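Here is what each chain is made of, one letter per residue.
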Amino acid sequence: MERNRILCAHTKEGDNGIEEQTLREHSRHVAEMCAKACRSIGIENLGYLTGLLHDSGKASEKIQEHLKGRTKEKINHSAAGMRWLWERYAGKGGYYQLAAEMAAHAIGCHHSGRCDFISPQGSMPWKERMQTDAAKQLYEESMRNFFGDCCTADEADRLMDRAAVELQRKLETLRKAYQKEFEHLNESRNNDVQTESIQFSMGFLQRFLFSALVDADWLDSACYMEGKPLPVLADERHRLERWRLLEERTEKFMQSLTSRYPVDVLRSEISEQCREEGKRCAPGIYRLYVPTGGGKTYAGLRFCMQMAVRQNAEHIFYFSPYKSITTQNAQSIRNVLGSSFVLEHHSDVIFEHGDAQETERWLASTQRWQGAPIICTTMVQLLNTLFAAPRQNVRRLAALSGSVLLFDEVQALPLRQTFLLNLAVNTLVYGMGCTVVICTATQPPLEELRYPLLFGRRMDLVPDYERRFEQFRRTEILLHPIQGEENVCAMADFVQKLSEKHSSVLVILNTKDAVNRLTEQLEPLVPKETRLFCLTTLLCPQHRADKLKQMCRLLDLHGEERIVCISTQLIEAGVDISFSCVVRSMAGLPSVIQAAGRCNRHGSKQTSPVYLVDYKEKGLRYLPEIDNAAQATRLLLRQLPPQTDLLSPQAIDRYYKIYYANGKQDEEMSYPLKQKGLSVQTTMLDLLCANRMGTDAYCAAGHSLKCAGFLKQAFGTAEENFEAIPDETIPVVVPYGEGAEKIKELLSGRFQPSKLHTLQPYTVALSRARIKTLADAVVCVQEGNLRILQESFYDCSKGVCSSQQELPVMMV
C-alpha cells in the first residue's frame, strides 16, 4: 500500500459519485463515544483504546479493495486488533493482561456476539477467532498500515497504561464493597460467594465494554451512511438543570392531588417519607415495602427524582414484569412530567406520528434507551439487555450506568433468573454507580439467598412498613372449601351466590382453560343484567385493555351495574381496579395478597372479603412455579395459628422461608441449563461465574489454567441459551378491532413491512399444541413469516377459541 494513502472505513453513493469515510475518522468517533459511555463507570481509557483499535483489521489492502466494491470476498477484520492487544500485553500479566482480554474480546466479537473464553467442552473459541489462517495472512500488514495512518502504537501503549490502572481501581472498589456488604449480612459462605460475585462482575464489566463498543460502532456507521450528524447528549450541567425542572414538576403535581378516600392521606404520608429519604440516601440498593394500594408509583417516583438530582443521574428507569403495568404506570408518570420526558418501550407500544423523523427518532431511542430522561420498560427487555446474545439487546446496557432503577412487582420475577439478577444489580450499584429500588407489597427476602442482593444497612425507604400494613388493612382473607376435584359446578354456584350479595366480584384462577370453563359454566347462571367478563392472554392486548377500561368505567358507577370478572393472574399485580369481593384459587401467598389488592382498593368500606379457594385446576403440573408456590401456601396455612393475618409482613416472611426451603429452589434460581451436546447439566450462573464444566474439560485436555487468562466464562454459550421467557409460543394476529383490517391488508399483499410493530396489540402468543389443535384456522402469510387466525375462531368474550364460532368464515 502507498505510504501516504488514506485508509477507508465505509463507502456510500453520494451526489458526486462514491464517497468515503476514512478509517481514522471512524476509529476516532467510535473511540470517543465508547470512552464517553465507559467514563461513567471509571474505565474511560479502556473504552477509548477498544474503540480506537476495533476496525484496525480494515487497514489491509485486501479489505480496502473489498470496502471499495472491487472484490466480493468478505474477510474477518476483527481479529487483527484483538491479536495485537493479546500478544503485546498478555505477557505483562496482572491488570494489563485483564484489560487486554476485555478489550480484545470486545473487538473480536463486535460484528457477531460474545463468544466463550472457555467453552463447556474445554476449547478456547476467543483465541481460535484471532488465529484463523485468513486473519494471520493479513495481520502484519493491517497493523502496520493502521498505525501509520490512524494512530501510533505509542498512543495505544499510553492508553493501556491508564486502562490497567483504571481496571485495578474498579476491581479493588468492587472487592471492598462486596466484602463490606457480605460482612454486614454475616454471610457464612463469604469466600465462595464473594469470589463468584467478583467473577460475575468482571464478566459483566466486559459485557458493558462490549455494549459501549457495539453502540458506538453502529451509531457512527449509521450516521455516516445516512448523512446525519452524531447525536449530542446533554452535558452534566444541562442534565442537572433538566432533573431540577422535573423535580419541580413532580412536587407541583403531588401538591395538586386531593384526598378522595381515607387511604389517600396515608398514601401522601408514604410518598413524603420516600421524598425525605431521597434527600439523604447514598447510592445503593433500597426496598420500598408498602401494602397494595399504598401509592408505590408516585412514592417511588419522588424518591427516584430526589436521587436523580443528587447524583445527576443519566436516567431514571422503571421496570415492571408485565406490559399492562408498564403501560399504566408510564401514563401515570407522563401525567406528572409530560410526554416528551418519558420513553415507553415494550412490544405493545405503537408510535404513530405524522412526522416520519419523529417516528424514526422514537425507534432509535428504543434501540439505545437514549433520548429521554425517564425510560419505562419491562423486565423482559431488561433481562435481555443484561443476559441475552443479540447485539440489539446488548447495546442498550451502556445506558444503565449512573442511573436510578426502580423494579416494580419484583416478586413476579421468574425463579430461575433470581441469582443472575441479584448479581447484575449488585454490579450495577457497586460497580456502575446506579441506585436501585426494589418495590413490591410482598417483598421476597432477596438479601437472605445464597447469592444475596446486597442492600445497605438502612434498606427500607418506609421503615415503619409494618404499621403501614396495619393502616391499610381493607380486606379479610377467608378460606372457603370447594368439594371434589376441580368441581366447576360448585365453584360456579359459589361465585353466582357471591354476585347476588356483592355488586362486583373478581375471580382469579391459575390457568386459561380453568377461566374459560368457569366462564362457560357461569353464563347461564348469572342474570342478564349482570355483566360477565373473561380475561386471559387468549385475548389480544388491545382486547384486554378495552375490557379493563370498560370494567373501570362500570365500577366507577358504584354498583349501578353488577359485574363478575373471571381472570387469570394477569389482573392481580399493578392494575388499578377495585372490586367489592375477590375469589382467589390457591396460589403462592404473594399472588393471594396481590389479588386482595384488587378488592376495596380505596378503603371505601371497612373490610371486604377475599375468599381463598383450594380449587384443583388441571394442568398445574406443567406450571411448576405456580404449583410449588401453592404447596408452600398450603403448608403455611397448616403452620400458622388460625387468627393470623395472612396479609401481614410476618406471614409473608414465613411464607418465603417455607418456599425457599424447598431443596430444589437454589438449583432453580441458578438457571439450570441442559445444552445439546453436553453430557451433564450446568447452570447459567456457573457459565457466567466460575465455568466449572469448561475449566474441568480444559484441564482434562492437559492444559494449565494459569495459561488460560483471567476471564474463563462461557459467555457465548450462556447468552445464546438465555431466555427471559421460555420461547414456546408463536405469535398469531387475530381479527379483533383494527386487527381485522390489518389481516385483510396482509392477505391482499398491501401491508407494509415497516408497519409490523402495529400488529402487536392484535397478536396472541399461542402454544404449539394449541396451534396444532386449531389446524387450518391458523393461516401462514408473508411467505410463512406471519400467522393469522380465521375470524370464526376468535370470540368477542373469550378470545381465541379451539372450536369455530357462529361467524362467517374468512375467505383465504
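Below: a short report on this structure.

Criteria and cut-off values
- Residues numbered from 1 in each chain as written.
- Predicted model: local features only at pLDDT ≥ 70, side-chain atom pairs only at ≥ 80, totals over all residues.
- Heavy atoms only, no water.
- Helix = DSSP H or I, 4+ residues; strand = E, 2+ residues; numbered from the N terminus.
- Rg over C-alpha atoms; globule rule 2.2 N^0.38 Å.
- Buried < 20%, exposed > 50% of the residue type's maximum accessible area, 1.4 Å probe, protein only.
- Contact = heavy atoms within 4.5 Å.
- Areas by Shrake-Rupley, 256 points an atom, 1.4 Å probe, with all protein chains shown as cover.
- Pairing = 2+ DSSP bridges.
- Axes fitted to C-alpha atoms, helices over the stretch in contact; angles between N-to-C directions.
- Salt bridge = Lys/Arg side-chain N within 4 Å of Asp/Glu carboxyl O.
- Polar contact = N/O pair within 3.5 Å; in protein donor to acceptor, adjacent residues only side chain to side chain.

Notes on the overall build of the chain
And step 1. The helix and strand tally for the chain stands at 30 helices and 22 strands.
And step 2. Relative to the globule expectation of 28 Å for 812 residues, the C-alpha radius of gyration of the chain, 28 Å, shows essentially globular dimensions.
And step 3. Overall, the chain is about 90 × 65 × 60 Å in size when its C-alpha atoms are taken along their principal axes.
And step 4. Counting across all 812 residues of the chain, residues that qualify as buried make up 59%.
And step 5. Contacts in the chain between residues far apart in sequence, at least 24 positions, make up 77% of those at least 6 positions apart.
And step 6. Carbon together with sulfur atoms contributes 49% to the accessible area of the chain, which is approximately 34,300 Å² in total.

Some words on the sheet that holds strand S4 (residues 316–320)
Backbone-to-backbone hydrogen bonds pair the strands of a sheet. The strands run either parallel or antiparallel.
And step 1. A sheet is described by the order of its strands in space; here 6 strands give the open sequence S3-S8-S7-S4-S6-S5, paired in parallel fashion. Two strands bound the open sheet, and with one partner strand each, they are strand S3 (285–289) and strand S5 (342–345). Taking the axes of each pair of neighbouring strands and ignoring which way they run, one obtains an average angle of 15 degrees across the sheet.
And step 2. Summarising the sheet, S5 and strand S6 (residues 374–378) pair through 4 bridges and their orientation is parallel. When the bridges of S6 are listed, glutamate 344 appears paired with cysteine 376.
And step 3. In this fold helix H13 (residues 323–337) packs onto S4, S5, S6 and strand S7 (404–408), with an angle of close to 165 degrees to the strand it touches most, S6.
And step 4. Against the sheet, helix H17 (residues 418–432) contacts S3, S7 and strand S8 (435–440), and its axis sits at roughly 120 degrees relative to S3.

Remarks on the pattern of salt bridges
And step 1. Applying the stated criterion across every chain yields a total of 43 salt bridges.
And step 2. Ionic pairing is found between arginine 114 and glutamate 719, a salt bridge with its closest N-O pair at 2.5 Å. Taken together, the residues span a long stretch of sequence, with arginine 114 in the loop between helix H5 (94–109) and helix H6 (125–130) and glutamate 719 in helix H28 (residues 715–721) at a distance of 605 residues.
And step 3. Between lysine 228 and glutamate 226 there is a salt bridge, with its nearest N and O atoms 3.1 Å apart.
And step 4. Given a relative accessible area of 35%, lysine 228 falls into the partly exposed group.
And step 5. Salt bridges sharing partners connect three or more residues here, namely Glu251, Glu272, Arg275, Glu276, Lys279 and Arg302.

Some remarks on the side chain of arginine 287
And step 1. Of note, arginine 287 is situated in strand S3.
And step 2. Side-chain polar atoms of arginine 287 contact the side chain of aspartate 460, separated by 2.9 Å.
And step 3. With residues up to four places along the chain from it excluded, the contact list for arginine 287 reads Ile438, Gln443, Glu447, Phe455, Met459, Asp460, Leu461 and Tyr465.

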